[in-house]
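A structural walkthrough
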Amino acid sequence: MTVLEWVASFLLVLGGLFVLIGAVGMVKLPDVYTRLHAPTKTTTLGIGCILIASMCLHVAEGRGLSIQEMVISLFLFITAPVSAYMIAKASLHRRVSMLKGTANSELAEKVRDRKAPEQPTTDEQRPAEH
Amino acid sequence: MIKRLFPMPLHAVMLTLVWLFLNDFSTGHLVLGLMLSIGICLLVAPMSDDHPKVQKPFKALKYFLMVLWDILLSNFEVAIRVLSPNSSLRPGLVALPLDLEGEFPLAVLASTISLTPGTVSVDFSEDMKWLYVHVLHMKTEDDVIQSIKQRYETPLKEIFSC
Amino acid sequence: MLATVLLGVAVLVGLALVLNAWRLIIGPTVTDRILALDTMYINCIALIVLLGIYFQTALYYEAALLIAMLGFVSTSALSKYLLRGDIIE
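I will try to describe carefully the structure that is included in this document. (Residues numbered from 1 in each chain as written. Chains lettered and ligands numbered in written order. Predicted model: local features only at pLDDT ≥ 70, side-chain atom pairs only at ≥ 80, totals over all residues. Heavy atoms only, no water.)

**A few points about the overall build of chain C**
So the rule is basically this: Going along the chain from the N terminus, every DSSP run of H or I of four or more residues is numbered as a helix, and every run of E of two or more is numbered as a strand. Three labels apply to residues, based on accessible area from a 1.4 Å probe with only protein chains included: buried if under 20% of the type maximum, exposed if over 50%, partly exposed otherwise in between. Only the protein chains shown count as cover for residues, with accessible areas throughout obtained via the Shrake-Rupley method and a probe of 1.4 Å. Only four residue types enter the charge count: Lys and Arg as positive, Asp and Glu as negative, with His and the chain ends excluded. Here the site of a charge means NZ on Lys, CZ on Arg, CG on Asp, or CD on Glu.
A tally of regular secondary structure across chain C gives three helices and zero strands. Scanning chain C from its N terminus toward the C terminus, one meets helices and strands in the order α-α-α. Projected onto its principal axes, the C-alpha coordinates of chain C cover approximately 50 × 30 × 10 Å. The burial tally for chain C puts 44% of its 89 residues in the buried class. As presented, chain C carries roughly 4400 Å² of accessible surface, and 75% of it is formed by carbon and sulfur atoms. Looking at charge distribution, chain C has the averaged site of its 4 positive side-chain charges lying 9 Å from that of its 5 negative ones.

**Comments concerning the side chain of Asn75(B)**
Stated precisely, the cut-off is as follows: Contact criterion: two residues are considered in contact whenever any of their non-hydrogen atoms come within 4.5 Å of each other.
Its location among the elements puts Asn75(B) in helix H4 (residues 57–83). Beyond its immediate stretch of four places on either side in the chain, Asn75(B) contacts Phe18(A), Lys41(A), Thr42(A) and Leu45(A).

**Observations regarding unusual backbone geometry**
The phi dihedral of Gln56(C) is positive, around 50 degrees, even though this residue is not glycine. Looking at where Gln56(C) falls in the secondary structure, it is placed in the loop between helix H2 (30–55) and helix H3 (59–84).

**Digging into the environment of Pro46(B)**
Along the chain, the position of Pro46(B) falls in the loop between helix H3 (27–44) and H4. Look at Pro46(B) and you get exposed, because its relative accessible area is 69%.

**Describing the interface of chain B and chain A**
The cut-off we apply is this: Buried area: the accessible area, evaluated with a 1.4 Å probe, that two parts lose upon being put together, summed over both parts. Whenever a carboxyl oxygen of Asp or Glu lies within 4 Å of a side-chain nitrogen of Lys or Arg, that contact is scored as a salt bridge. In the analysis that follows, any N or O atom pair within 3.5 Å is treated as a polar contact, provided that within protein one partner can donate a hydrogen and the other can accept it, and provided that, for residues neighboring in sequence, both atoms belong to side chains. Amino acids outside the nonpolar list (Ala, Val, Leu, Ile, Met, Phe, Trp, Tyr, Cys, Pro) and the charged list (Asp, Glu, Lys, Arg) are all regarded as polar, and Gly is one of them.
Taken together, the contacts link 42 residues of chain B with 42 residues of chain A. With both chains or domains summed, chain B and chain A bury close to 3700 Å², and 69% of this area falls on carbon and sulfur atoms. For the chain B face of the interface with chain A, the top three residues by lost area are Val82(B), Leu93(B) and Glu126(B), together amounting to 17%. If you look at where chain B meets chain A, you find one salt bridge. Ionic pairing is found between Lys89(A) and Asp123(B), a salt bridge with its closest N-O pair at 3.1 Å. Put simply, chain B and chain A have seven residue pairs in polar contact (both at pLDDT 80 or more) between them. Looking at the side of chain B that touches chain A, the elements with two or more residues in it are helix H2 (9–22), H4, strand S1 (92–97), helix H5 (103–115), strand S2 (119–124) and strand S3 (130–135) of chain B. A total of ten residues in the side of chain B that touches chain A trace back to one element, the largest contributor, which is H4(B). For the side of chain B that touches chain A, a count of residues per class yields 24 nonpolar, 13 polar and five charged.

**Quick word on the interface of chain A and chain C**
Facing the 44 residues of chain A at the interface are 45 residues of chain C. Approximately 4100 Å² of surface area, both sides summed, lies buried where chain A meets chain C, with 79% of it carried by carbon and sulfur atoms. Inspection of the region where chain A meets chain C yields one salt bridge. Put simply, Arg35(A) and Asp32(C) hold a salt bridge, and the shortest N to O gap is 2.1 Å. For the interface between chain A and chain C, the tally reads six residue pairs in polar contact (both at pLDDT 80 or more). Listed by contribution, the elements that provide at least two residues to the side of chain A that touches chain C are helix H1 (3–28), helix H2 (32–35), helix H3 (37–60) and helix H4 (68–93) of chain A. Looking at the side of chain A that touches chain C residue by residue, the classes come out as 28 nonpolar, ten polar and six charged.

**Notes on the packing of aromatic side chains**
Applied cut-off: A pair of Phe, Tyr and Trp rings is counted when the ring centres sit within 6.5 Å of each other, with Trp represented by its six-membered ring. The angle between the planes then sorts it: under 30 degrees is stacked, over 60 is edge-to-face, the rest tilted.
The final tally for this structure, using the stated rule, is four aromatic pairs over all chains. Considering the side-chain rings of Phe75(A) and Phe72(C), the 6.4 Å spacing of their centres and the 90 degrees angle between planes classify their relative orientation as edge-to-face. On the criterion of chain membership, the pair formed by Phe75(A) in helix H4 and Phe72(C) in helix H3 is interchain, its members lying in two chains. Among the residues examined, Phe75(A) registers a relative accessible area of 22% and is labelled partly exposed. Here Phe72(C) falls in the partly exposed class, since its relative accessible area comes to 22%. Ring geometry for Tyr54(C) against Phe55(C): centres 5.5 Å apart, planes inclined by 70 degrees, an arrangement best described as edge-to-face. Tyr54(C) gets classed as partly exposed once you look at its relative accessible area, which sits at 47%. Each member of the aromatic cluster is reached from another via a ring pair, and the members are Tyr54(C), Phe55(C) and Tyr60(C).

**So, the sheet that holds S3(B)**
Stated formally: Any two strands are treated as partners once DSSP identifies two or more bridges connecting them. Working convention: axes come from line fits to C-alpha atoms, limited for helices to the stretch in contact. Angles between N-to-C directions cover 0 to 180 degrees.
Reading across the sheet, the three strands line up as S1-S3-S2 (chain B) and stay open at both edges, with antiparallel pairing between neighbours. Each edge of the open sheet is held by one strand with a lone partner, namely S1 and S2 of chain B. For this sheet the average axis-to-axis angle between neighbouring strands, irrespective of direction, equals 30 degrees. The sheet contact formed by S1(B) and S3(B) spans six bridges and is antiparallel. When the bridges of S3(B) are listed, Pro97(B) appears paired with Trp130(B). The strands touched by H3(A) are S2 and S3 of chain B; relative to S2(B), the strand with the most contacts, the crossing angle is about 125 degrees. Each of S1, S2 and S3 of chain B touches H5(B); the most contacted strand, S2(B), lies at about 145 degrees to it.

**Thoughts on the side chain of Glu69(A)**
Along the polypeptide, Glu69(A) turns up in helix H4. In this structure, Glu69(A) is in contact with Leu51(A), Ser54(A), Met55(A), His58(A) and Tyr61(C), ignoring residues within four places of it in sequence.

**Brief notes about a nonpolar patch on the surface**
Residue and element names in this part refer to chain B. Selection rule: Surface patches are defined over residues having more than 30% relative accessible area and no salt bridge, joining like charges when they lie within 9 Å and nonpolar side chains (Val, Leu, Ile, Met, Phe, Trp, Tyr) when within 5 Å.
Residues Leu15, Leu32, Leu36, Ile40, Leu43 and Val44 make up a contiguous nonpolar surface patch of about 480 Å² in total accessible area. The greatest single-element share of the nonpolar patch, amounting to five residues, is contributed by H3. Locating Ile40 in the fold gives a position in helix H3.

What follows is the structure, given as structure tokens:
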């Protein structure tokens, strides 16, 4: 085995572990908002590791640098925050309650209506969205 | 005239290059890639709007590398948080006052916040002056706000110089 | 050696898929289910890439790219549907 293959194997195992930890967090964490953290970060990095390992193996086999993996990982890294944002927004819109003990959970209503935090609610004329 | 036929030259070149890399380097693919990328740019050009340009590419590169490093660190942090018992979690919502302006820089800021240590951006306030952030494990509110402002917002402000 | 590593990693990713499916089934709210689906898409990409490495072909990357795209679009469409009650405004 060459050095590149060792590196690739290490990255593969690391990636697999990260993906698994993301899934464990998915099952174990208590509410939607905390659950969002696991897939957006851990799973994305996990798959990034696997894709980089794939690139290393490509080079090790002498088939040149392949850009497909780069494109996939770039795409995933760009879309992960967007989908997390969409899911968070949807859960706030549906008034999914936060875990008890979440600091500032009273802000949730403000976020839902996209208001600034200090503004008193009474002088807001805009009707609530539905 | 040229502006109307080739509205986004840089994007077109980049698309062609990606097409060539995804397939292989041959004249046929070059022609097909050029046709496709110019066509796509023509279709997309009316939808694009002006946003502040990156003023300092070197700083932007530095920022990119720093974010990559932070993503790596944040993953270990989140992994530890995930594997430790739930009762030790102290999640929280934070309203982050923004100095940054413009849609594109704000989108970059929100995405970096989502990808880095224990924070996910939830929403902007309507006037784009506040960003709400959900924190997985919060020590103090000011801590979170200070670290985000120093680490991400200040360099972004320099990069887009606004 | 590499084949063993690949098999082990595939087992890890498969386990992750099962856990996500569990969240998809029990998920108390709709958004939980969307999140679980999104993560399952990403795990599927991981599995396909592993398969591509195993068979030493670049054919599978195209499939992975397509699935990545579909996953993102479906997640945002579902969230949008929950937000507005409509996908296209």
